[in-house]
Structure formats: C-alpha cells, structure tokens
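Each chain, letter by letter, is given below.
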Amino acid sequence: MLVECVNDYAAQVGTTIAVTPDTPLLGPQAAVDSLGLVMIVTAFEAKLNETFDAGLVLASEAAMSMRRSPFRSVGALVEYAEQLLAEAKIQ
C-alpha cells in the first residue's frame with residue numbers, strides 16, 4: 001500500500017521514484033520533499049484505516065518523539081504501521 005501511495009504522489013508531481021524498503025523519506029537524500037511526505041503519510045494512513053477498519057494515526061506525538069523516526073524510509077514506515085496494527089490487534 002505504501003508503494004502505491006509513493007507512486008501516486010510521484011505521478012501527481014510528474015516524476016518517478018524507485019521505491020525500495022531503503023528509499024529515504026526524510027533527510028537530504030529523501031525521495032520526496034516535506035509536503036510530499038505529508039501527502040504520502042496521509043494517503044497511507046487512509047488506506048490502512050480503510051483496509052483494516054482501524055483508527056490508526058501515523059503522525060502522532062509518539063511517532064514524532066521516537067529516537068529513530070518511523071518516517072526515515074519506506075521500510076521503517078511499513079514496520080511502524082505493522083507495529084501499530086499489531087498493537088491494535090488488527091491483522
């Protein structure tokens with residue numbers, strides 16, 4: 001789902017992004033700018049909540065205060081989403 005969100009964003013802005021688990025979403029090597037990250041995270045959160053009938057919030061205060069940001073890469077964000085789904089007992 002996250003890859004689809006990244007690809008949708010890239011299509012909207014007229015570019016392509018080679019998406020792998022290591023694709024950075026934050027920092028100087030990020031594949032997207034800050035607005036792009038917000039758009040991708042928002043779309044991913046909506047897809048997760050719709051698909052799993054959940055009420056997840058990816059960009060929470062807890063996420064923002066983590067020592068290693070869950071937004072640092074595609075793989076990290078997927079792992080974070082899986083963790084939240086597991087905590088909510090949704091699988």
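Note that the structure is predicted; figures quoted are calculated from it, not measured. (Residues numbered from 1 in each chain as written. Predicted model: local features only at pLDDT ≥ 70, side-chain atom pairs only at ≥ 80, totals over all residues. Heavy atoms only, no water.)

Novice: Could you clarify how one ought to interpret unusual backbone geometry in this entry?
Specialist: Excluding glycine, a negative phi dihedral is what most residues carry, and trans is how most peptide bonds are arranged. Positive phi, normally seen in glycine, also occurs at Asp53, with a value near 50°. With respect to the element layout, Asp53 can be found in the loop between helix 2 (34-52) and helix 3 (61-64). Taking the relative accessible area as the measure of exposure, Asp53 reaches 71% and is therefore exposed. (Helix = DSSP H or I, 4+ residues; strand = E, 2+ residues; numbered from the N terminus. Buried < 20%, exposed > 50% of the residue type's maximum accessible area, 1.4 Å probe, protein only.)

Novice: Can you help me understand the nonpolar core in this one?
Specialist: If you look at soluble globular proteins, the nonpolar side chains tend to sit buried side by side. Within the largest apolar cluster, 24 residues are counted, with the highest numbers of intra-cluster contacts made by Leu2, Val32, Ile40, Phe44, Leu48, Leu58 and Leu77. When residues of this core are traced back to their parent elements, those giving at least two are helix 1 (2-13), helix 2 and helix 4 (74-87). With 6 residues, the top contributor of residues to this core is helix 4. Among residues more than four places away in sequence, those in contact with Ile40 are Leu2, Cys5, Val6, Tyr9 and Val32. (Core = buried A, V, L, I, M, F, W, Y, C linked by side-chain atoms within 4.5 Å. Contact = heavy atoms within 4.5 Å.)

Novice: Where do I start with helix 1 in this structure?
Specialist: What sets the pattern is the α-helix's 3.6 residues per turn: residues three or four places apart point alike. The first and last C-alpha atoms of helix 1 sit 17 Å apart over 12 residues, in line with the 16 Å expected at 1.5 Å per residue. Taken together, the buried positions of helix 1 are occupied by Leu2, Cys5, Val6, Tyr9 and Ala10. Angularly, the buried residues of helix 1 cover 135° about the axis, an arc narrow enough to put them on a single face. In this fold, the buried residues of helix 1 make contact with helix 2 and helix 4. At the C-terminal side of helix 1, Gly14 shows a positive phi close to 75°. (Expected span 1.5 Å × (residues − 1). Arc of directions from axis to C-beta.)

Novice: What's the story with the environment of Thr42 in this structure? I'm lost.
Specialist: Tracing the backbone through its elements, the reader meets Thr42 in helix 2. Along the primary structure Thr42 and Val57 are separated by 15 residues, whereas in three dimensions their C-alpha atoms are 9.1 Å apart.

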